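# Fold and contact review
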There are 2 protein chains.
Amino acid sequence: MSYPSKLLEKAVEQFSTLPGIGKRSALRMALHMLRQPKENVELFASSIVGMANGIKHCKVCNMVCDEETCSICSDPRRNRSVVCVVESVRDVLSIENTNTYNGLYHVLEGIISPMDGVGPSDLPIAELEERVAQGDVKEVVLALSTSMEGETTAFFLYNRLKKYDVKITAIARGVAFGDDLEYTDELTLAKSIENRQPFKI
Amino acid sequence: MSYPSKLLEKAVEQFSTLPGIGKRSALRMALHMLRQPKENVELFASSIVGMANGIKHCKVCNMVCDEETCSICSDPRRNRSVVCVVESVRDVLSIENTNTYNGLYHVLEGIISPMDGVGPSDLPIAELEERVAQGDVKEVVLALSTSMEGETTAFFLYNRLKKYDVKITAIARGVAFGDDLEYTDELTLAKSIENRQPFKI
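The following paragraphs examine the structure supplied in this document. In this text the structure is predicted, and so the values were computed from the model without any measurement. Counting from 1, residues in each chain are numbered in the order their sequence is written. Labels follow written order: the first chain is A, the first ligand is 1, and so on. Only residues with pLDDT of at least 70 are given local features in this predicted model, and only at 80 or more are side-chain atom pairs given and counted; all residues enter the totals for whole chains, interfaces and linings. Hydrogens are left out, water is left out, and the side-chain values use all remaining heavy atoms of the structure.

### With respect to the relation of the copies chain B and chain A
Applicable threshold: Here the copies are superposed with least squares, the fitted atoms being C-alpha atoms of residues at a pLDDT of at least 70 in both. Here a residue-residue contact requires only that any non-hydrogen atoms of the pair lie within 4.5 Å.
Its rotation angle being 180 degrees, the transformation that places chain B on chain A also includes 0.0 Å of axial translation and leaves an RMSD of 0.1 Å. Considering both components of the superposition, the chain copies are consistent with a two-fold axis. Looking at the rotation axis and the C-alpha trace of chain B, the residue lying nearest is Ala45 of chain B, at 2.3 Å. In this assembly the copies share their binding face: 100% of the residues contributing to the interface of chain B also contribute to that of chain A.

### Re the pattern of salt bridges
Basically, it comes down to this: A pair is scored as a salt bridge if a Lys or Arg side-chain nitrogen falls within 4 Å of a carboxyl oxygen belonging to Asp or Glu. Strands are runs of DSSP state E lasting at least two residues, helices are runs of H or I lasting at least four, and both sets are numbered from the N terminus onward. Each residue gets one of three labels from its accessible area relative to the maximum for its type: buried under 20%, exposed over 50%, partly exposed in between, using a 1.4 Å probe on protein chains only.
Enumeration according to the criterion identifies 12 salt bridges over all chains in this entry. Between Glu129 of chain A and Lys163 of chain A there is a salt bridge, and its shortest N-O distance comes to 3.4 Å. Separated by 34 residues along the polypeptide, Glu129 of chain A in helix H5 (residues 125–133) and Lys163 of chain A in the loop between helix H6 (148–161) and strand S6 (167–170) bring together distant segments of the chain. Exposure remark for Glu129 of chain A: the relative accessible area of 13% places this residue in the buried category. Among the residues examined, Lys163 of chain A registers a relative accessible area of 61% and is labelled exposed. Note that Arg77 of chain B is salt-bridged to Asp75 of chain B, the shortest N-O span being 3.2 Å. On the basis of relative accessible area, Arg77 of chain B is assigned to the exposed category, the value being 68%. Look at Asp75 of chain B and you get buried, because its relative accessible area is 15%.

### Some words on the sheet that holds strand S3 (residues 82–86) of chain B
Where strands meet in a sheet, backbone hydrogen bonds hold them as pairs that are either parallel or antiparallel. Residues and elements named next belong to chain B. What counts, and what does not: Two strands are said to pair when DSSP picks up at least two bridges between them. Note on method: axes are straight lines fitted to C-alpha atoms, helices fitted across the in-contact stretch only, with angles between N-to-C directions ranging 0 to 180 degrees.
Spatial ordering of the open sheet is given by S4-S3-S5-S6, a layout of four strands whose pairing is parallel. Where the open sheet ends on each side, the last strands, each with one partner, are strand S4 (104–107) and strand S6 (167–170). Each strand axis lies, on average, 25 degrees off the axis of its neighbour in the sheet, ignoring direction. As defined by bridge partners, S3 adjoins S4 across four bridges and the pair is classed as parallel. Bridged to Cys84 within S4 is Tyr105. Packing of helix H4 (residues 89–98) onto the sheet brings it into contact with S3 and S4, and relative to S4 it is tilted by some 160 degrees. Seen against the sheet, helix H6 (residues 148–161) touches S3, strand S5 (139–142) and S6 and runs at an angle of roughly 170 degrees to S5.

### Concerning the environment of Asn79 of chain A
Residues and elements named next belong to chain A. Counting through the fold element by element, Asn79 comes out in the loop between strand S2 (64–65) and strand S3 (82–86). Since its relative accessible area comes to 34%, Asn79 is described here as partly exposed. Expressed as a C-alpha distance, the spacing of Asn79 and Asn102, which sit 23 residues apart in the sequence, is 5.8 Å. Setting aside residues no more than four positions away along its own chain, Asn79 makes contact with Asn102, Gly103 and Leu104.

Right, dumping it as structure tokens:
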């Protein structure tokens, strides 16, 4: 597509770097911006630059935050003996949304993926090991995805942590609520039968 | 959802003002930005602000452009006797993409919509009338949507322009290529039969 303006083209190019945004949606966003008052556009831009420049990572769990330590790590009501290992900030927010987990987190901000050139040393795994080595952590919950990379990372973490006196668990795999048994893949269905639980009302 | 950082929250809020972007996608975008090098984030922001501050509207057709007159209006190879009236910049780009239209445009940047408080005086309709009144324009093609607002605007334009010596046409409505007759609505199908054309190979 040829654009009527270089300035528009550059903005479209930038919008299309966003995840899940193609050229067509990017054009829609750029034209939307053109219809906004100047101060809204300034606010949009400064909020994003402000976030990128100002945000910190918690020195304990690597979660994004505004202070040295995140609100979860500094909350005295949280159970400090359980650490849940997740791939991303989004996973923390998802788990927090369930209101069922009261422990701490360790955010890897990535996953071991040799294909993408991400090795164990690119992730804060030594920091996790150090947390465990200090002795306060009694359980590490691996909440990683079931992809090959997720499994590889889980296996690597297990090998690094098994020498410590810590229980290593993984989140349960099974048939999701609302899913039909007949459409569930065999692996998931097999796991859900293998890990069956006493029936509770 | 509660965010781990005020800065992140503000950026998510801003991303979710974009058309078609909910809170979840906005969060994904904000976290994507956090993973980018600082200079990319700066470039993203400055491209958008630069566009909003620097872009001009063609003084002839109201199209967005970088100069006083857009590249279409200033192109000597275009047929200056035909003007196609469209609602938005996107419509111009769509028509240009077909490579079948060689005339000029008139971009309303909106549509008459009393429900949204947009009246005829909010759109550059006087400017269109002036172009027609100058006498060089022999045909005005109305390429507006078939919504109630589009029909209202077309009717209004027709009434304003009919006193001039100008042919007023509208783009053809009919069954789209690839569409099944049985799934085409009656109005479209009726129009396509009414406006049938001599068969050409």
